[in-house]
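What follows is each chain in one-letter form.
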Amino acid sequence: MLVPISRFIGTPVMSLQTGLPLARLADPIVDPRKLVVPAFRVVGTRLSHSVSVLHTEDIREIGEFGIIVDSDEKLMPLDDLVRLQQVIDFGFELIGLKVVTKSGKKLGRVGSYALDLEVFQVQQIYVQPNWRQSLLNDQLTIHRSQIVAITNKLLTVKDTTTPVKKPVPAAATTAFVNPFRQPSSE
């Protein structure tokens, strides 16, 4: 199931153990190497650390009340997370990234994206076109399979090709007889 990232921002993190809200999701941490969200930063007054994260693998369920985790022990301080710190050090922000085609055509900037909830992988990217292109298109959707390269400044996607219509032979158009047309009386 695909869910837009905007649905997660500000969502309460609930403890299954106590039934109380522990924090709220602040922003996703995106790994540009695999285009996945391994964790979310969390904020809240009940946290023992000012900067804490919730690994997506520790999410037990996503319900109508929010994100459900087993207990507050799943909200980890950033100090002890060596592999996640490496991803954070990339300084990668997907939203706002410029999007161009492989041939260099500017498409716009990433406005949002959708995650596959089973693996928290970015599946679709929603591109806001620049002001000139926005007269023709509201938004462009790009599937992850169309992505060629990602840097901290640029997202490169495959060029789109428009299908060429095959010409219909003249004999095929004249051979068709309309059964509802009355024969002419000539």
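Details of the structure are given in the entry above.
Below or above, wherever it landed, is the structure these notes cover.

### Quick notes on the pattern of salt bridges
Here comes step 1: For the coordinates displayed, the defined rule picks out three salt bridges.
Here comes step 2: A salt bridge links Asp27 to Arg41, with the nearest nitrogen and oxygen atoms 3.0 Å apart. On the criterion of sequence distance, the pair formed by Asp27 in strand E3 (residues 21–31) and Arg41 in strand E4 (residues 36–43) is long-range, its members being 14 residues apart.
Here comes step 3: Residue Asp27 is classed as partly exposed on the basis of its relative accessible area of 24%.
Here comes step 4: By relative accessible area, Arg41 is classed as partly exposed at 24%.
Here comes step 5: Between Arg33 and Asp31 there is a salt bridge; the shortest N-O distance is 3.0 Å.

### Observations regarding unusual backbone geometry
Here comes step 1: The backbone phi angle of Leu35 is positive, close to 55 degrees, even though this residue is not glycine.
Here comes step 2: With respect to the helices and strands, Leu35 occurs in the loop between E3 and E4.
Here comes step 3: Phi angles above zero are rare outside glycine, and Phe120 is one such case at about 50 degrees.
Here comes step 4: Of note, Phe120 is situated in the loop between strand E10 (106–116) and strand E11 (121–128).

### Examining the nonpolar core
One recurring pattern in soluble globular proteins is that nonpolar side chains are buried together.
Here comes step 1: Counting residues in hydrophobic clusters, the biggest one holds 35 residues, and the most contacted among them are Phe8, Leu54, Leu94 and Ile125.
Here comes step 2: Of all the elements in the fold, those that place two or more residues in this core are E3, E4, strand E7 (66–69), E10, E11 and strand E14 (154–157).

### Notes on the packing of aromatic side chains
To describe a pair of aromatic rings, you give the distance between the ring centres and the angle between the ring planes.
Here comes step 1: The tally for this structure, following the rule as stated, stands at three aromatic pairs.
Here comes step 2: Here the aromatic residues Phe8, Phe40 and Phe120 are joined through ring pairs into a cluster of three or more.

### Structural notes on the environment of Leu155
Here comes step 1: The residue Leu155 is located in strand E14 in this model.
Here comes step 2: Contacts of Leu155, omitting those with residues within four sequence positions, involve Leu97, Lys98, Val99, Val100, Val110, Ile125, Ile147, Ala149 and Ile150.

### As for the side chain of Ser52
Here comes step 1: Turning to its location among the elements, Ser52 is positioned in strand E5 (residues 52–55).
Here comes step 2: Using a relative accessible area of 2% as the deciding quantity, one classes Ser52 as buried.
Here comes step 3: The contact partners of Ser52, leaving out residues within four places of it in the chain, are Phe40, Arg41, Val42, Leu47 and Met76.

### Some thoughts on the pairing of E11
Here comes step 1: Where E10 lies against E11, seven bridges are found, and the strand directions are antiparallel. Bridge pairing in E11 places Asp116 opposite Gln121.
Here comes step 2: The antiparallel pairing of E10 with E11 creates a hairpin that spans four residues between the two strands, and Phe120 there sits at a positive phi of about 50 degrees.
Here comes step 3: Bridge count between E11 and strand E12 (residues 140–143): four bridges; the pairing is antiparallel. The residue of E12 that forms the bridge with Tyr126 is Thr141.

### A look at the side chain of Thr56
Here comes step 1: Structurally, Thr56 can be placed in the loop between E5 and strand E6 (61–63).
Here comes step 2: Not counting chain neighbours up to four residues away, the residues in contact with Thr56 comprise Val37, Pro38, Ala39, Phe40 and Phe120.

### Some words on a positive patch on the surface
Here comes step 1: Among the surface-exposed residues, Lys98, Lys106, Arg109 and Lys153 lie close enough to one another that they form a single positively charged patch.
Here comes step 2: Note on placement: Lys106 falls in strand E10.

Rules used throughout
- Residues numbered from 1 in each chain as written.
- Predicted model: local features only at pLDDT ≥ 70, side-chain atom pairs only at ≥ 80, totals over all residues.
- Heavy atoms only, no water.
- Salt bridge = Lys/Arg side-chain N within 4 Å of Asp/Glu carboxyl O.
- Helix = DSSP H or I, 4+ residues; strand = E, 2+ residues; numbered from the N terminus.
- Buried < 20%, exposed > 50% of the residue type's maximum accessible area, 1.4 Å probe, protein only.
- Core = buried A, V, L, I, M, F, W, Y, C linked by side-chain atoms within 4.5 Å.
- Phe/Tyr/Trp six-rings, centres within 6.5 Å; stacked < 30°, edge-to-face > 60°.
- Contact = heavy atoms within 4.5 Å.
- Pairing = 2+ DSSP bridges.
- Patch = residues over 30% accessible without salt bridge, like charges linked within 9 Å, V, L, I, M, F, W, Y side chains within 5 Å.
- Areas by Shrake-Rupley, 256 points an atom, 1.4 Å probe, with all protein chains shown as cover.
- Lys, Arg positive; Asp, Glu negative; His and termini not counted.
- Charge placed at Lys NZ, Arg CZ, Asp CG, Glu CD.

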